[in-house]
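So you can see what is in the structure, the chains are spelled out below.
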Amino acid sequence: MNVLDVVQQNTFLNCSDIKSAKFGNLYSIGTSAFYGCTKLDKLDNINACSYIGQSAFGATGLQAISLTASQVGYYAFNYCQNLSYVNLLSCSAGEYYYCFQNCTNLTHIVLPSTVRNGYNTVYFYATFSGDTKLSSIIWPSQTISYYFDGDVFYNSPISSIEVPSNVRISYFTSMTFPSSLESITLNNCQTLPQSAFYNRSLLTSVSLPTCTTIGRSAFCGCSALIELDLPLVTNIGSYAFSSSPNLSLISLPNYTQATSFAFAGCSAKSIYAPNLKSVAYQAFVYAYGVESVTLDNCEFIERWAFSACRRLGAATSGVVNLPKCSYIGEYGLYCIDYMSTIYAPKLESLYDSVFANGNLYSVYFLGSKKVILNADASRVWQYNAFLSQSNRYLYVTPSLFNEYIHDSKWYSMSTKIKAYGAESKNYSFIINAETSQDVTCSDGVLRSSISSPTKANDLFRGWFTDADLTEELLLPYYSEDTNPKLYAKWEHAYNLTTIIAGEPDINVGLHSLSAASVSALPDIDTIKCMPEGIYLDHELTQPFTELSSEINTLYIKGHSAEIHEVSYTGAVQQLTLTPGTYRIKCWGASGGNGSGWSGQPATKVRHVGRGGFAQGDLTISADTTVYCYVGGEGLRPTSNINEWVDGGFNGGGKAFAINNRLPGTGGGASDIRIGTDSLYARAIVAGGGGGTGDGLNDCDGSGGDGSGLEGTREAYGQFTSGYPGTQTEGGNGSG
């Protein structure tokens, strides 16, 4: 056929005799231009084409294609059932919707390495959907971001996928990756979406080295999965690990707050989370398989948190250790069969049925009187705290034992009181090899330490109960040793001085460093400059290259930082930044404070959700416009308006005011957008705080706090807060 420059819409529609097409300086191929050309199996010079219209080559006989187009229409090559090879490496289209749907013999694809102007992410939607024979996915070596929606590879037979770190997976769904998947590595995926690997019964290996957020039900039904190492995860959605019966270990070294239902139905025997500080409402409810959870740093266990977590304690001979926990809500450790002994030296209050229907035998309270008596000198754990327990022994300090053992209130519920460690002890605080200080405790219980010691060129990092400095001293403390010793931990520090040309030297004081690098320096608010280097001498001629306890003084070379401060206006604000490195700090807005039932004052609500904080460094090489959104504070309805009330500017959650119930609305997020005013151009986000409840019947109804990724929940008294927002979803208030 003749050489063509432009092919119009429907030009060769259903021309079944065409076998090949050759193109010259082609501009575009219109909608359905070659659709139904079943014998068309070859395209010459298609690389020159910049626009391929909808269904342009659908139902043709093409066998292999390589594209460089900047736009590829919907269904462009669907039902090409002879097509086996697709090369999109040089294709710059920003979207690929259904493009190769139902190409049943497709075996090899090469994904794009570039995207046209106006896009910063390549969007795929059901691009390769339908049954295929796909055996090879070749990822580009260039840095690029992909957004997968729909069943992109779902019906392909591939069992293993590894996405390199240069390819950022910004989003995918439960239908994106093959149902036959056995192993997957996502080297650059920060957020695992809801149901990401739902019911992947063949999946045995998952690697997520950069992931920080796990979505709801992400690993639900992964029946072959045995271990999960999630080194950077800080946020977990509800039911994330439910119905995965063979999980033995989930490692979460940076996880600090177990949110509601996060581990509901979880079967993993061990949850390693050494930095876990709080466990929210029903976080581990019905987690029948969980035998151990790292709770050494847990400070707060909300109501029903471990309810029916029946095997908790099975891996530790029935012992549950809560050295820092000050609060356990009602039914918090309810119906646990394997827990026989609990240590809680800092517990301050117990609520209804907190230990009910289990096999608890011994409880150790070596701390304050708060756990024993409330302000009215009556038992804190009245109302069945130990309901249906047998052989209960409550261990208290000798002074508490002597003071309250004759109180008849202690003889209810068959609770037996025992003194723990009644002899006098002398505790030696070892400051260094030459210096120590002794404290004598008449009842053997150490309740306070000596004042923090000082040492030249060192920073004091706390007291420890062992010479290897692995066990931090937690007060009150009781040792069974005859002459117990406590050891000071020291960390070498450097006396820092900041030098800025033409300005007086700034003494920054003593600070420790983790590396001989400017990245290890304290915040620029502390060192008062943008650092350029660290030196051993005031003349800045000898660079600091290696940490050493022999070095005591360091000098920071820096330059003054230009500060741009953007305040709330209720609208977007633009700044033009010149080339350089900028440290960006964002604070989200706080939530609104609701008023109470029938006009009760706002003071009935204890806590407004606080805005989150996020910070990061940005380097730009050319003048760049940034769009600043400063979140607005949440509102409180002023009258019974029976309608939704908007939240604070920039995404604050709404609240419904009805029948004199006036909850606060959510605070808006604060964010910075680079180059274009679009949600997809956000470089940093600080979430807004949650609004409070309406104070019905004096309930606290506290708002959840905002954060950089996902906010936190709050609980005061016996009531709990609303749920926090994330970067992509608003939070809920509390009732």
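With that out of the way, let us pick up the overall build of the protein chain. Counting its regular elements, the protein chain contains two helices and 53 strands. For the protein chain, the proportion of contacts with a sequence separation of at least 24, taken over those separated by at least 6, is 42%. Carbon and sulfur atoms make up 46% of the accessible area of the protein chain, which totals about 32,400 Å².

The backbone phi angle of Asn 10 is positive, close to 60°, even though this residue is not glycine. The residue Ser 32 is not glycine, and still its phi comes out positive at about 55°. Examined against the element boundaries, Ser 32 turns out to sit in the loop between strand 2 (20-29) and strand 3 (42-44).

Scanning the model with the defined rule gives 46 aromatic pairs in all. Between Phe 429 and Trp 463, the ring centres sit 4.9 Å apart and the planes meet at 80°, which makes this aromatic pair edge-to-face. Of this pair, Phe 429 sits in strand 34 (residues 425-430) while Trp 463 sits in strand 37 (residues 458-464); the two residues are 34 residues apart in sequence, bridging distant segments of the chain. Judged on exposure class, the residue Phe 429 and its partner Trp 463 are both buried. Lying across the ring of Tyr 338, Arg 311 places its NZ or CZ 4.7 Å from the centre.

In this structure, Phe 57, Phe 219 and Phe 306 are the most contacted members of the largest nonpolar core, which totals 112 residues. For this core, the secondary structure elements donating two or more residues are strand 2, strand 10 (122-125), strand 12 (144-149), strand 13 (160-163), strand 14 (167-171) and strand 15 (183-186). Setting aside residues no more than four positions away along its own chain, Phe 57 makes contact with Phe 23, Ile 29, Phe 34, Leu 40, Leu 43, Ile 46, Ile 52, Leu 62, Ala 76, Phe 77 and Cys 80. Formed by 15 residues, the second largest nonpolar core is a distinct cluster that contains Cys 441, Ile 450, Leu 473 and Leu 486.

This part covers the sheet that holds strand 34. Taken together, four strands build an open sheet; the order of strands is 35-34-39-37 and the sheet is mixed. The two strands at the open ends of the sheet, each matched to only one other strand, are strand 35 (436-441) and strand 37. Neighbour-to-neighbour, the strand axes of this sheet turn through a mean angle of 20°, independent of strand direction.

In this section: the pattern of salt bridges. Scanning all chains against the criterion turns up eleven salt bridges. Ionic pairing is found between Asp 617 and Arg 583, a salt bridge with its closest N-O pair at 2.8 Å. One end of the pair, Asp 617, is in strand 46 (residues 613-620); the other, Arg 583, is in strand 45 (residues 580-587), and 34 residues separate them in sequence. What makes Asp 617 exposed here is its relative accessible area of 51%. In this structure, Lys 654 and Asp 646 form a salt bridge, with 3.8 Å as the shortest nitrogen-oxygen distance. A network of salt bridges, in which partner residues are shared, links Asp 523, Asp 525, Arg 583, Lys 585 and Asp 617.

Looking now at the state of the cysteines. Tallying each qualifying case throughout the model produces zero disulfides. Of all cysteine sulfurs, the one in Cys 103 lies closest to Cys 80, which takes part in no disulfide; the gap is 5.1 Å. Cys 80 gets classed as buried once you look at its relative accessible area, which sits at 0%. This cysteine, Cys 211, is not joined by any disulfide, and Cys 189 carries the nearest cysteine sulfur, 5.5 Å off.

By secondary structure assignment, the location of Thr 498 is in strand 40 (residues 494-500). The buried category is assigned to Thr 498, whose relative accessible area is 0%. At 2.8 Å, the side chain of Thr 498 forms a polar contact with the backbone oxygen of Ile 527.

Definitions and cut-offs
- Residues numbered from 1 in each chain as written.
- Predicted model: local features only at pLDDT ≥ 70, side-chain atom pairs only at ≥ 80, totals over all residues.
- Heavy atoms only, no water.
- Helix = DSSP H or I, 4+ residues; strand = E, 2+ residues; numbered from the N terminus.
- Contact = heavy atoms within 4.5 Å.
- Areas by Shrake-Rupley, 256 points an atom, 1.4 Å probe, with all protein chains shown as cover.
- Phe/Tyr/Trp six-rings, centres within 6.5 Å; stacked < 30°, edge-to-face > 60°.
- Buried < 20%, exposed > 50% of the residue type's maximum accessible area, 1.4 Å probe, protein only.
- Lys NZ or Arg CZ within 6 Å of the ring centre and 35° of its normal.
- Core = buried A, V, L, I, M, F, W, Y, C linked by side-chain atoms within 4.5 Å.
- Pairing = 2+ DSSP bridges.
- Axes fitted to C-alpha atoms, helices over the stretch in contact; angles between N-to-C directions.
- Salt bridge = Lys/Arg side-chain N within 4 Å of Asp/Glu carboxyl O.
- Disulfide = S-S within 2.5 Å.
- Polar contact = N/O pair within 3.5 Å; in protein donor to acceptor, adjacent residues only side chain to side chain.

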